[in-house]
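The chain contents come next:
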Amino acid sequence: MTMNFIETRGNDGSHPEKVSFSEAILSPLCSFGGIYSPEKLPELGEAFLTEHLDADYKQLAKAILMRFEIDIEESVIDQALSLYDAFDDAKNPAPIVKVEDDLYVSELYHGPTRAFKDMALQPFGVILSDLAQKRNENYLVLAATSGDTGPAALETFKNKANVKVACLYPDGGTSDVQRLQMVTEDADNLKVIGIHGDFDDAQSALKTLLASENFKKRLNEKHTFLSAANSVNFGRIIFQIIYHVHSYLELLRQKAISMGEKIYLNVPSGNFGNALGGYYALKMGLPVKKILIASNKNNVLTDFINEGSYDLRSRSVIATSSPAMDILKSSNVERILFDLFGYQRTRELMQQLDQEKHYQIHADELSTLQEFFAADYCDDEQGKQYIQTTFRNGYLMDPHTATCFRAYDNCRSEALKTVVYSTAEWTKFSPTIANALTGEIDTHDIDALKSISHEAELPIPEPISALFEKEIVQKTVIDKENIEQEVLDFI
Ligand SMILES: *Cc1c(COP(=O)(O)O)cnc(C)c1O
């Protein structure tokens, strides 16, 4: 028996109504522009938790994946999970630290690129490449990145068979560390392209490319299919359920809670993949009171969860110091709508969003949504304050993590233990942190890294300091009109 995946906007007659996990991850888009969601979720109640109290991360991950009954061979799952061995602590790649009162931070950034994208992309890379090899097919993963997805996607697919990655980034629009992580990646199957423009330009260039008939034709000639490594791909989401269960088990092991006690999950959100993983964990039986959704000034999710209105009409993306959350069209909200309200309503709402740039859910739908979620947002100045005061209390955190502290202060109706997800190491957004700690303004990451290192009496981690010495091998920086040719030349 394998678990099937179904379409969030219903079926248009030209796509299969149900697909397997491997089909859903190889081609994630389906009828009416929808995405695949699991047909049912396995049950992970207290019996499961008790049984896995002593499981290390990989054992837990394997047990959860097996319950999903995905059509991936066990040996491939083992190989995928073995990538966690390269995290700082192989037994516990996502450690939890008590920071204050009820607030515990789960650090999701202990992988190779020092941001939480590694938690899912590392094992995902093994699975996608294995499927491509077994089918004797070639896949091209196209990514437009503002910073964290690019390095993580390149790192996971580096030298993997039958997969190529072309990654577009805005030249001058990422941090130095993020850019260096990309342009020093040396492998024949990776192409990194800087474009003149901002992240929106990179993203719209990618959309133009995907819509180009010439491009599709040329890909066909080369027997190459397109896949996606963003979180519309369920292959990423499945790995993002696991760490929420792990967090709960860690709190049990630390004797911070007792079995069955409810907790809050507090998630810095952009595309809602992390939060969706928490929602599924809750639905599967994890004792979670609510998921607290933290945003920055791009607070479309705050309004949606508090008022039921998803409104893009008067918004454009605001650049903030938590850039990985500078997102207005949060793709995985669709899977929540689907799970709560069904495919017809989801199709209606998503089409309204596409056509009218807004939708409003009914009062009864809003109260259903609020059974699971609460939300608040944190602007850059408030975030800076949280970084500063929390540092004085002995904990160093990045600006994405900091947005959660406001939701912690404002969204809890009960004094329950709360897991804040930390999605990036301090090294990735160092100028903002150095500014919060000392008031200095750095234009280069290296200066900020040195001063944080001094203030916090922490060494700059070797993989980060080494970046500044590495040779730059990916030198392409072009106008967006030339991207199609550049990508075709590459494949
Ligand atoms: C991607 C990312 C987020 C947002 O996560 P979603 O799953 O897209 O909501 C938050 N913080 C950092 C550092 C990220 O890289």
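Criteria and thresholds
- Residues numbered from 1 in each chain as written.
- Predicted model: local features only at pLDDT ≥ 70, side-chain atom pairs only at ≥ 80, totals over all residues.
- Heavy atoms only, no water.
- Helix = DSSP H or I, 4+ residues; strand = E, 2+ residues; numbered from the N terminus.
- Buried < 20%, exposed > 50% of the residue type's maximum accessible area, 1.4 Å probe, protein only.
- Polar contact = N/O pair within 3.5 Å; in protein donor to acceptor, adjacent residues only side chain to side chain.
- Contact = heavy atoms within 4.5 Å.
- Lys, Arg positive; Asp, Glu negative; His and termini not counted.
- Salt bridge = Lys/Arg side-chain N within 4 Å of Asp/Glu carboxyl O.
- Axes fitted to C-alpha atoms, helices over the stretch in contact; angles between N-to-C directions.
- Parallel < 35°, antiparallel > 145°, perpendicular 65-115°, else oblique.
- Nonpolar A, V, L, I, M, F, W, Y, C, P; charged D, E, K, R; others polar.
- Near = heavy atom within 4 Å.
- Areas by Shrake-Rupley, 256 points an atom, 1.4 Å probe, with all protein chains shown as cover.
- Phe/Tyr/Trp six-rings, centres within 6.5 Å; stacked < 30°, edge-to-face > 60°.
- Lys NZ or Arg CZ within 6 Å of the ring centre and 35° of its normal.
- Pairing = 2+ DSSP bridges.

(A) Quick look at the environment of Thr 438. With respect to the element layout, Thr 438 can be found in helix α18 (residues 430-438). The exposure class assigned to Thr 438 is partly exposed, which follows from its relative accessible area of 36%. Sequence separation of Thr 438 and Glu 307 is 131 residues, and the distance between their C-alpha atoms is 38 Å. Within the structure, Thr 438 has its side chain in polar contact with the side chain of Glu 440 (distance 2.7 Å).

(B) Examining the side chain of Thr 8 more closely. Mapped onto the secondary structure, Thr 8 falls in the loop between β1 (4-7) and β2 (18-20). At 2.9 Å, the side chain of Thr 8 and the backbone nitrogen of Ile 35 are in polar contact. Polar contacts involving the side chain of Thr 8 include one to the side chain of Glu 334, which spans 2.6 Å. For Thr 8, the residues in contact, after removing those within four places along its chain, are Gly 34, Ile 35, Ser 37, Glu 334, Arg 335, Phe 338, Tyr 343 and Thr 346.

(C) Fine view of the side chain of Asp 442. Considering the arrangement of structural elements, one finds Asp 442 in the loop between α18 and α19 (445-456). For the buried Asp 442, no salt bridge exists, and the shortest N-O distance to an oppositely charged side chain is 10 Å, to Lys 450. Look past the residues within four positions of Asp 442 in its chain and what remains in contact with it is Pro 431, Ala 434, Asp 447, Ala 448 and Ser 451.

(D) Expanded view of the packing of helix α9 (residues 213-221) against helix α21 (residues 483-490). Between α9 and α21, the least distance of the axes is 11 Å, while the angle of their chain directions is 0 degrees. Judged by the inter-axis angle, α9 sits roughly parallel to α21. On the side of α9, the interface is formed by Asn 214, Phe 215 and Arg 218, while α21 contributes Glu 484, Val 487 and Leu 488. Split by residue class, the contact of α9 with α21 holds three nonpolar, one polar and two charged.

(E) Summary view of the site of the ligand. Neighbouring the ligand are 15 residues; Lys 117, Asp 148, Gly 270, Asn 271 and Thr 423 lie closest to it. Taking Asp 148, its side chain carries an N or O atom lying 2.8 Å from an oxygen atom of the ligand. In this structure, Asn 271 approaches the ligand through a main-chain N or O atom, which is 2.8 Å from an oxygen atom. Its free accessible area being 390 Å², the ligand has 97% of it covered by the protein chains.

(F) Highlighting the packing of helix α14 (residues 333-356) against helix α15 (residues 363-372). Direction vectors running N to C along α14 and α15 enclose 155 degrees, while the axes themselves pass 9 Å from each other. The angle between α14 and α15 places the two elements in the roughly antiparallel class. Contact residues: Ile 336, Leu 340, Phe 341 and Arg 345 in α14; Glu 365, Thr 368, Leu 369 and Phe 372 in α15.

(G) Up close: the packing of aromatic side chains. Taken as a whole and judged by the stated rule, the model has 16 aromatic pairs. Here Tyr 279 and Tyr 280 contribute two aromatic rings whose centre-to-centre distance is 6.0 Å and whose plane-to-plane angle is 55 degrees, an arrangement assigned as tilted. The pair formed by Tyr 279 and Tyr 280 is uniform in burial state, with each residue classed as buried. Members of the aromatic cluster, joined through ring pairs, are Phe 5, Phe 21, Phe 234, Phe 272, Tyr 279, Tyr 280, Phe 372 and Phe 373. The cationic tip of Lys 164 hangs over the ring face of Phe 490; the distance from NZ or CZ to the ring centre is 5.8 Å. One residue, Arg 347, lies across the ring of Phe 32, its end atom 4.1 Å from the ring centre.

(H) Main features of the environment of Pro 123. For Pro 123, the location among the structural elements is in helix α5 (residues 117-134). In this structure, the C-alpha to C-alpha distance between Pro 123 and Asn 271, residues 148 residues apart in sequence, is 20 Å. For Pro 123, the residues in contact, after removing those within four places along its chain, are Ala 80, Tyr 84, Asp 118 and Phe 239.

(I) Highlighting the pairing of strand β8 (residues 190-195). Of all six residues in β8, six are buried, a share of seventy percent or more. Alternating positions in β8 separate into two faces, Leu 190, Val 192 and Gly 194 on one and Lys 191, Ile 193 and Ile 195 on the other, with burial throughout. Two strands pair when backbone bridges link them, and strand β7 (residues 163-170) and β8 are joined in this way by six bridges, in the parallel orientation. Across the sheet, residue Leu 168 finds its bridge partner in β8, namely Ile 193.

(J) Molecular detail of the sheet that holds strand β10 (residues 263-268). Taken together, six strands build an open sheet; the order of strands is β4-β5-β15-β10-β11-β14 and the sheet is mixed. Of all the strands in the sheet, the pair left with one neighbour each is β4 (96-100) and β14 (373-377). On average, each strand axis in the sheet is inclined to that of its neighbour by 25 degrees, with strand direction left out of account. Against the sheet, helix α12 (residues 273-283) engages β10, β11 (288-295), β14 and β15 (418-422), with an angle of about 170 degrees to β11.

(K) Main features of the sheet that holds β8. Spatially, the five strands line up as an open sheet ordered β9-β6-β7-β8-β16, and their pairing is parallel. In the strand order of this sheet, the two ends are held by β9 (224-227) and β16 (477-478), each with one partner. Where strand β6 (residues 138-144) lies against β9, four bridges are found, and the strand directions are parallel. Counterpart to Val 141 in the pairing with β9 is Ser 227.

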